[in-house]
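Spelled out, the chains give:
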Amino acid sequence: MSAPGFTHLNSSVSYGQNPTPNGCQNGPGQTYQSMHPPAGCYGAPPQQQNYPTIPALPTSVPNKAPATNSAHGANYYWSNQQQHHHHHQQQHHLSQHHVAPSPYNASLSSDAPSQPYATVPSSAPPPSNAHYNQQPLQQHPPYAPSGRYYGPQAYHAPPAPPPPEQQQQQPSLVPAPAVGPGAPIHPIVSYPSAPGSSQFGTLSSFQNAAAHGVMPTQMGAPLHQYSNPRPASTAAVGQPGPTVNGQGSTGHKHYDQSHQASLSYDPYGGVLHGGGGADRPPSGTPSNSVHSSPGHHQGGDTSSSSTGSASPVPNNYDNLEGGSYPDSMPPSDHMTNQAAPYGSYGYPGMPPAYHQGPASLANASPSHEPYGQSGYQPYSQPFPSMSQLSTALGGLSGVPELEVEALRPVNLLQEKNLLPPRALEAPEPNLSPELRKVNCSPQSFRCTLTSIPQTQALLNKARLPLGLLLHPFRDLQQLPVITSNTIVRCRSCRTYINPFVTFLDQRRWKCNLCYRVNDVPDEFMYNPVTRSYGEPHKRPEVQNATVEFIASSDYMLRPPQPAAYLFVLDVSHNAVEAGYLKYFSELLIDNLDKLPGDTRTRVGFLTFDNTIHFYNLQEGLSQPQMLVVSDIDDIFIPSHDSLMVNLKESRELVKDLLTSLPGMFSHSKETHSALGPALQAAFKLMSPTGGRVTVFQTQLPTLGAGSLQSREDPNQRSSTKGVQHLGPATDFYKKLALDCSGQQIGVDLFLLSSQYSDLASLSCISKYSAGSVFYYPSFHHTHNPAQLEKFQRDVERYLTRKIGFEAVMRIRCTKGLSIHTFHGNFFVRSTDLLSLANVNPDSAFAVQMSIEDSLADSSLACFQAALLYTSSKGKRRIRVHTLCLPVVSQLSDVYAGADVQAITCLLADMAIDRSLTSSLSDARDALTNAAVYLLSAYKSNVSNLQQSGLVLPASMRLFPVYILALLKQKALRTGTSTRLDERVFAMCEFKTQPLQQLMRMVHPDLYRLDDMSDQGALLLNHTLVPQPHLLHLSAERVRRDGAFLMDCGNVFYLWIGKSCSDVFIRDVLGCSSYASIPENMRHIPELETVLSERVRAFLDWLQDKRSFCSSVHVLKDEASAKAPFFQRLVEDRSEAASSYPDFLEHLQQQMP
Amino acid sequence: MAFTFAAFCYMLALLLTAALIFFAIWHIIAFDELKTDYKNPIDQCNTLNPTVEKVKKIKRIKIAIKLVLPEYLIHFFFCVMFFCAAEWLTLCLNLPLLAYHVWRYMSRPVMSCPGLYDPTTIMNADILAFCQKEGWCKLAFYLLSFFYYLYGMIYVLVSS
């Protein structure tokens, strides 16, 4: 029998084409064998019942089957049509089976009793359609002994199945299909990837572990079930099969185990088989249990926790039998587990696959019907559910309440309380709950419109910008990291597989960006999380919108570079005066061990005034050697291998150098700065490896290439006419930055200067090399402790934060959308590719999008940002974020999904660009116009209310406040005295700060602290965190008798009113009275009072959410101190800007 | 029929316009490549800009001074020729383009070398689209003027 089976298998194999895989599978199969025994141990019998659950799988299979059925059916007698996809898999299975069979046979023989099983096994093979074939073969082998029947049956079945008839015969066939789905998977998984095989082994072990006794049985059961299916052909057989399963399971178990998923399928298959004929019904319960068991297996192993299903399964079965299949369908188990996810994910394809499976089932069912009619029903029912799922997937399932609220017209002239009580959250895209659950976190990936308009015309009509705000490398608490030989990507657009793709069946997926249908590689069939096969949709890549891959050498142009840090330090007289060197050296010594890197980490130092000083830190020297190069017009590197040294080897020398550095130049009288040549030297030094260059500069560069002249006219600082010199004076820094970018060198600039230093020109060095810019105006180590403190905090974070080297980021989006412009620090290498020499967790990017073709064909639009970088440990990694959003055709839906914060940030970026290419006043006008256009567009298109006044949808009600706040920012304000460097720095921050941080800078959060209560407090880690209400940024809200906290992102201002209660001052600040509060209080003392604990809990909670630590400034209500606080009350009139009511009035006048 | 200076100007302009047409086509192709991927904008700007570097000066100039600046110079050159030949109508037809060239070069981004295109901004969709449109318009203009010069040359030859 087995022999025939094999022959069949062979034939099937030919179909499968996967023959080669088979070979692989064989190996696995062997492993399986080992597995099988355990299965046997499990005491398959009970599990066999579980197998019945397997039917669920079959159901799923059936779904797939339909599609495939025709084709497969033709080819395969199996009629398992479904198996089409599976064919390959099946082949594998077959091969595996073949291999396994012998062992199995042995095991089977032991199981011999399983002859019934044998039948079952045959059915089991069927599960994977191909499998069926294979299974028969395999089964045969195992069966051969006991299951000759099967063998024959299986064979018979195939023949019978041939086209339509097959179905009828299907009992056997049917089972096969069911099996097929599962089986294919199994084979694929295990075999393809050697790991898989091992995994299988592990899986088996898992199963064993999970329910050793049970598991095996289950395992076996599936097989048995399969056999059952075949038996199904012999109706009786099928039923026995279940019981047999235990036995069959041994052999089959392998399959199951190997493919946990598949197992589950198999079980289903088995169930189906059983169910297929009468099997289902009989096995129905058992099968249910089986299903659950599979699930259990998986769960037990890893994920299939759903297993609880065991019990559920039976229920399902009952349901199925009862005809409740549709709902509780075993498929539901698997389906729900698997299919449902798809559905939820909006895997349109997946549902189909399932459908096919069901179809196959249906096909089989006919045959089965004789056996077990009920089985069919369930299956058929699944279909509807599937379709429902798919429609739900469409993402159109609305959240009416939310939408209604977002669309509620708000009359800005009448409603004064616009702020929500708590900090504004990103709006939820109007997607089905399943999709929403897996969608990318808004902190990493946010779109200005959470409902994408269908056409550019609609977008234009809405008068809102379409764009993405990305924070791709932010520190994450949880990140699935995937190591895999093959990273599954679309073959035409190279999109990484993600939760929003559609699985057409087990072997194919449809890209959600370009809609190409791709094959699922064999390796992908194995799920490392659940250690099961045949569940590609349960892989972590498909369960998480943010994942990280460990990339293979395909993703390298050269071996991953070591972490390399070069510090370029200004040691001119000016720098010595400012006194940063001492603090920097101390911080670096303290953090030497925390520098991200591994044993290859390299460091180097370079100082400059009017000459360039290199430091030889070669291991073995007794002390660092300074090499001075004074020819700054033609810079050269005095020594090539000893200037950048291995940190580990030369650690002591580095420490020596850092300790002595501050003293070495303390008497320097050199006032010139040759920054340009120093950067050229740094470039030459770093070119061979790439890495990070950190530049500390304290004045305008005055010597050599890149020297600059002062361009700022202090009298123009408060000009309302427009601001000159926002752009670079020379392209030297830009060109150098591009060269650096080409050599994977990122340059970060720390500018500590009290004089004008032309940041507009200097910042180019960081802008185009993907670095970051830090600016400390008026830095002095004694005169300006606030800046010193900030400097220390920033440097510490800077030195220890994560870093990625030689990175590129590509942003892909659904066909029809295209990228218009990028904002941030990087070099744009092609229309969708950013070259980032370094990438750090604190910088963000923005992308303006346009809609080139109508998106009417699809209901979902997806965006994927893939960041390929070399970690500090020398690993090449790819971090992938995928965002999925619904596409809408109604203007009101567009407004309902508008994300006012994201829009504000994107507009800010666009305004910065505009002020550079055109003029500042243009940029300001454009911002005001953005508000005017939105108001008039909403008025004329959406709002039916003919009321006068300014009406906006609730989702956008804060837009005018934010625009006004933007206009009052340092970057964009006019009329108020603003130093050019500070303005330029504010512009740099707009471009690179993540959204949350930027919004706090633009529109700080204001809270009243003295009357905080525990009402509505959050309980976090056993600490109550009070949640005071947000207040409008207006002096009206600030009372003399209160204490107010303003959260500006990088600083907290705690303003204490003149008549603030002494209790608060005493309990929180530890001062006896208002008068005794010191002038420069910079921290909140840790007092053991309720009030103090509340305030500190709240501050800590706010602090927790940001990477740079913010300092607290306690401000008294005195003219000298309160300026920074009142300056940020953006709704009030300032010396040169209007108040919010005035601004609204201005908007109203501007409206046509 | 006599071979006048005006006729010579037209003949010269005819030849040079053929060269300009070639430049325009080259320009269009280059930007199209850039847009449809996947050419590095640094390379792009290096070939479009006449970059003059100390070391590879001569070679670079020969290769790189191909496009923008030469185009402007050629156009300026035969405008001067027409001026000398007192072909006022032809000159008037060319003045708008001459003015555009002057404006375009004056408003170029800050660069230390001759050239128009900044690799860091060229990937901006607006700038890219503008450059492409510019290429097509120039191509059309040069094509029309080619036939105009042909006609002008024959007319001058015949009438004199």
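Residues numbered from 1 in each chain as written. Chains lettered and ligands numbered in written order. Predicted model: local features only at pLDDT ≥ 70, side-chain atom pairs only at ≥ 80, totals over all residues. Heavy atoms only, no water.

The name that an unreviewed UniProt entry assigns to chain B is Cornichon family member 1, with the source organism given as Gasterosteus aculeatus aculeatus. Per UniProt, chain B carries the Subcellular location (unreviewed entry) text "Membrane". Check the Sequence similarities (unreviewed entry) section of the UniProt entry for chain B; it says "Belongs to the cornichon family." (UniProt positions renumbered as here; feature names shortened; annotations may be inferred.)

Chain A appears in an unreviewed UniProt entry as SEC24 homolog B, COPII coat complex component from Gasterosteus aculeatus aculeatus.

Q: Can you walk me through the pattern of salt bridges in this structure?
A: Once the charged atoms of two side chains with opposite charge are near each other, the side chains can pair. Residues and elements named next belong to chain A. A full pass over the atoms with the stated rule returns 33 salt bridges over all chains. The residue Arg810 makes a salt bridge to Asp832 at a minimum N-O spacing of 2.6 Å. Here Arg810 is found in strand β20 (residues 804-813), whereas its partner Asp832 is found in the loop between β22 (827-830) and β23 (833-839), with 22 residues between them in sequence. Taken as a pair, Arg810 and Asp832 share a single burial class, namely buried. In this structure, Asp1067 engages Arg1066 in a salt bridge whose closest nitrogen and oxygen atoms are separated by 3.6 Å. Classification of Arg1066 as partly exposed rests on a relative accessible area of 46%. Counted as one network, the salt bridges with shared partners bring together Asp475, Arg797, Arg801 and Asp842. (Salt bridge = Lys/Arg side-chain N within 4 Å of Asp/Glu carboxyl O. Helix = DSSP H or I, 4+ residues; strand = E, 2+ residues; numbered from the N terminus. Buried < 20%, exposed > 50% of the residue type's maximum accessible area, 1.4 Å probe, protein only.)

Q: Would you mind going over the interface of chain B and chain A with me for this structure?
A: Put simply, an interface is often sized by how much accessible area is lost when its parts join up. Each partner contributes to the interface: chain B provides 18 residues, whereas chain A provides 18 residues. Buried surface at the junction of chain B and chain A, both sides included, amounts to about 1,500 Å², of which 57% is carbon and sulfur. Where chain B meets chain A, there are 0 salt bridges. The interface formed by chain B and chain A holds 3 residue pairs in polar contact (both at pLDDT 80 or more) in total. For the side of chain B that touches chain A, the class distribution of residues is 9 nonpolar, 4 polar and 5 charged. (Contact = heavy atoms within 4.5 Å. Buried area = accessible area lost by both parts, 1.4 Å probe. Polar contact = N/O pair within 3.5 Å; in protein donor to acceptor, adjacent residues only side chain to side chain. Nonpolar A, V, L, I, M, F, W, Y, C, P; charged D, E, K, R; others polar.)

Q: Would you explain a nonpolar patch on the surface in this entry?
A: On the surface, a nonpolar cluster with roughly 450 Å² of combined accessible area is contributed by Leu143, Phe147, Leu150, Ile154 and Val158 of chain B. Residue classification places Ile154 of chain B among the partly exposed positions, given a relative accessible area of 44%. (Patch = residues over 30% accessible without salt bridge, like charges linked within 9 Å, V, L, I, M, F, W, Y side chains within 5 Å. Areas by Shrake-Rupley, 256 points an atom, 1.4 Å probe, with all protein chains shown as cover.)

Q: I keep staring at the sheet that holds strand β4 (residues 467-470) of chain A and nothing clicks. Help me out?
A: Residues and elements named next belong to chain A. The sheet built from 4 strands is open, its strands ordered β2-β4-β24-β21 with antiparallel pairing. Each having just a single partner strand, β2 (445-447) and β21 (817-823) make up the two edges of the open sheet. Taking the axes of each pair of neighbouring strands and ignoring which way they run, one obtains an average angle of 25 degrees across the sheet. With 4 bridges connecting them, β4 and strand β24 (residues 845-851) associate as antiparallel partners. Along β24, the bridge assignment pairs Gly467 with Gln848. (Pairing = 2+ DSSP bridges. Axes fitted to C-alpha atoms, helices over the stretch in contact; angles between N-to-C directions.)

Q: Help me understand the pairing of strand β12 (residues 564-570) of chain A, please; the structure alone is not making it clear to me.
A: Looking along a regular strand, one sees the side chains alternate between the two faces of the sheet. Residues and elements named next belong to chain A. Taking burial as the measure, the 7 residues of β12 include 7 buried ones, the bulk of the element. Alternating positions in β12 separate into two faces, Ala564, Leu566, Val568 and Asp570 on one and Tyr565, Phe567 and Leu569 on the other, with burial throughout. In this structure, β12 lies alongside strand β13 (residues 602-608), joined through 7 bridges in parallel fashion. Residue pairing in the sheet places Leu566 in a bridge with Gly604 of β13.

Q: Can you walk me through the confidence of the model for chain A in this structure?
A: On average, residues of chain A score 70 in pLDDT, and 64% of them are at 70 or above. Here residues 1-399 of chain A scores under 50 on pLDDT; set against residues more than four positions off or in separate chains, the count is 1776 contacts. (pLDDT = per-residue confidence, 0-100.)

Q: I would appreciate a short explanation of the nonpolar core in the present structure.
A: One recurring pattern in soluble globular proteins is that nonpolar side chains are buried together. In this structure, Phe959 and Ile1056 of chain A are the most contacted members of the largest nonpolar core, which totals 252 residues. Ranked by the residues each element gives to this core, the list is headed by helix α1 (residues 5-35) of chain B, at 14 residues. In this structure, Leu587, Val603, Leu617 and Leu658 of chain A belong to the second largest nonpolar core, which totals 41 residues. (Core = buried A, V, L, I, M, F, W, Y, C linked by side-chain atoms within 4.5 Å.)

Q: Please clarify how empty space enclosed by the protein should be interpreted in this entry.
A: Residues and elements named next belong to chain B. On inspection of all chains with the given rule, the structure shows 6 cavities of 30 Å³ or more. Reported here for the largest cavity is a volume of approximately 80 Å³. Of all the secondary-structure elements, those providing two or more residues to the lining of the largest cavity are α1, α4 (68-84) and α6 (125-159). Of the residues in the lining of the largest cavity, the class split is 6 nonpolar, 2 polar and 3 charged. (1 Å grid on protein atoms, 1.4 Å probe; cavity = no way out; pocket = protein on both sides within 12 Å on 5 of 7 lines; lining within 4 Å. Points joined across faces, edges and corners; volume = space filled by probe spheres on them.)

Q: Can you help me understand the packing of aromatic side chains in this one?
A: The relation between two aromatic rings is expressed through the spacing of the ring centres and the mutual angle of the planes. All names here are of chain A. Tallied over the entire structure, the rule returns 44 aromatic pairs over all chains. Taken together, a centroid distance of 5.8 Å and an interplanar angle of 25 degrees make the contact between Tyr496 and Phe549 stacked. One end of the pair, Tyr496, is in the loop between β5 (481-483) and β6 (502-505); the other, Phe549, is in strand β11 (residues 546-550), with 53 residues separating them in the sequence. Consider the rings of Phe696 and Phe750, whose centres lie 4.7 Å apart with planes at 15 degrees: the pair is stacked. Placement of the pair is Phe696 in strand β17 (residues 691-697) and Phe750 in strand β18 (residues 745-753), with a sequence separation of 54 residues. Per residue, the accessibility class of Phe696 equals that of Phe750, and both read buried. Each residue in the set Phe567, Tyr580, Phe584, Phe605, Phe696, Phe750, Phe774, Tyr776, Phe779, Phe791, Tyr798 and Phe1108 is aromatic and connected to the rest through ring pairs, giving one cluster. Of note, Arg463 hangs over the ring of Tyr933, and the distance from its end group to the ring centre comes to 4.2 Å. The residue whose ring lies beneath Lys1116 is Tyr1074, and the NZ or CZ to ring-centre distance is 5.3 Å. (Phe/Tyr/Trp six-rings, centres within 6.5 Å; stacked < 30°, edge-to-face > 60°. Lys NZ or Arg CZ within 6 Å of the ring centre and 35° of its normal.)

Q: Can you walk me through the side chain of Gln1103 of chain A in this structure?
A: Residues and elements named next belong to chain A. Residue placement: Gln1103 occurs in helix α41 (residues 1090-1104). In terms of polar contacts, Gln1103 uses its side chain to reach the backbone carbonyl oxygen of Phe1108, at 3.4 Å. In contact with Gln1103, other than residues within four places in its own chain, are Phe1052, Phe1108, Cys1109 and Ser1110.

Q: Help me understand helix α28 (residues 651-664) of chain A in this model?
A: Because each turn of an α-helix spans 3.6 residues, side chains separated by three or four positions end up pointing in the same direction. All names here are of chain A. A rise of 1.5 Å per residue sets the reference length of α28, with its 14 residues, at 20 Å; its end C-alpha atoms lie 19 Å apart and thus fit the reference within 8%. Of the residues making up α28, those classed as buried are Leu653, Val654, Leu657, Leu658 and Leu661. In this fold, the buried residues of α28 make contact with β12, α27 (580-591), β13 and β14 (612-616). (Expected span 1.5 Å × (residues − 1).)

Q: Whenever I open this one, the state of the cysteines confuses me. Can you help?
A: Structurally, a disulfide amounts to a covalent bond that connects the sulfur atoms of two cysteines. All told, the structure shown has 0 disulfides over all chains when counted by the stated rule. Left unpaired, Cys764 of chain A is separated from the closest cysteine sulfur, that of Cys988 of chain A, by 8.6 Å. The class for Cys764 of chain A is buried, based on a relative accessible area of 2%. No disulfide involves Cys9 of chain B; its sulfur sits 7.2 Å from the nearest other cysteine sulfur, which is in Cys84 of chain B. Residue class for Cys9 of chain B comes out buried when judged on its relative accessible area of 1%. (Disulfide = S-S within 2.5 Å.)

Q: I keep staring at the pairing of strand β33 (residues 1051-1056) of chain A and nothing clicks. Help me out?
A: All names here are of chain A. Within β33, 6 of the 6 residues are buried, which leaves the element mostly enclosed by the surrounding structure. Neither face of β33 is open: one carries Val1051, Tyr1053 and Trp1055, the other Phe1052, Leu1054 and Ile1056, and all of them are buried. Remark: 3 residues form the turn of the hairpin made by strand β32 (residues 1043-1047) and β33, two consecutive strands paired antiparallel; Gly1049 in that turn has positive phi of roughly 90 degrees. Two elements, β33 and strand β34 (residues 1111-1116), share 6 bridges in a ladder whose sense is parallel. If you follow Phe1052 over to β34, its bridge partner there is Val1112.

Q: I'm lost on the UniProt feature "transmembrane region" (unreviewed entry) in chain B in this one. Help?
A: Residues and elements named next belong to chain B. On the UniProt side, "transmembrane region" (unreviewed entry) is annotated at positions that read residues 7-29, 72-98 and 139-158 here. Spanning residues 7-29, this segment combines 100% helix with 0% strand, and its end C-alpha atoms are found 33 Å apart. Taken end to end, residues 72-98 comprises 89% helix and 0% strand; its first and last C-alpha atoms sit 8 Å apart.

Q: Looking at this structure, I do not really get the packing of helix α40 (residues 1062-1069) of chain A against α41 of chain A. What am I missing?
A: Residues and elements named next belong to chain A. With their axes 7 Å apart at the nearest point, α40 and α41 run at an angle of 65 degrees to one another. Considering their axes alone, α40 and α41 lie roughly perpendicular with respect to each other. Of the two possible hands of crossing, α40 and α41 adopt the one that is right-handed. Together, Val1063, Phe1064, Asp1067 and Val1068 of α40 and Leu1091, Ser1092 and Val1095 of α41 make up the contact between the two elements. For the contact of α40 with α41, the class distribution of residues is 5 nonpolar, 1 polar and 1 charged. (Parallel < 35°, antiparallel > 145°, perpendicular 65-115°, else oblique. Left-handed = near helix turned anticlockwise from the far one by under 90°.)

Q: Would you mind going over the sheet that holds strand β31 (residues 1030-1031) of chain A with me for this structure?
A: In any sheet, the strands associate via hydrogen bonds between backbone groups, in a parallel or an antiparallel arrangement. All names here are of chain A. The strand order across the open sheet formed by 5 strands is β31-β28-β32-β33-β34, and the pairing between neighbours is mixed. At either end of the open sheet lies a strand with only one pairing partner, and these are β31 and β34. Of the strand pairs in this sheet, β32 and β33 are connected by 5 bridges, and their pairing is antiparallel. For Phe1044, the partnering residue across the bridge sits in β33 and is Trp1055.

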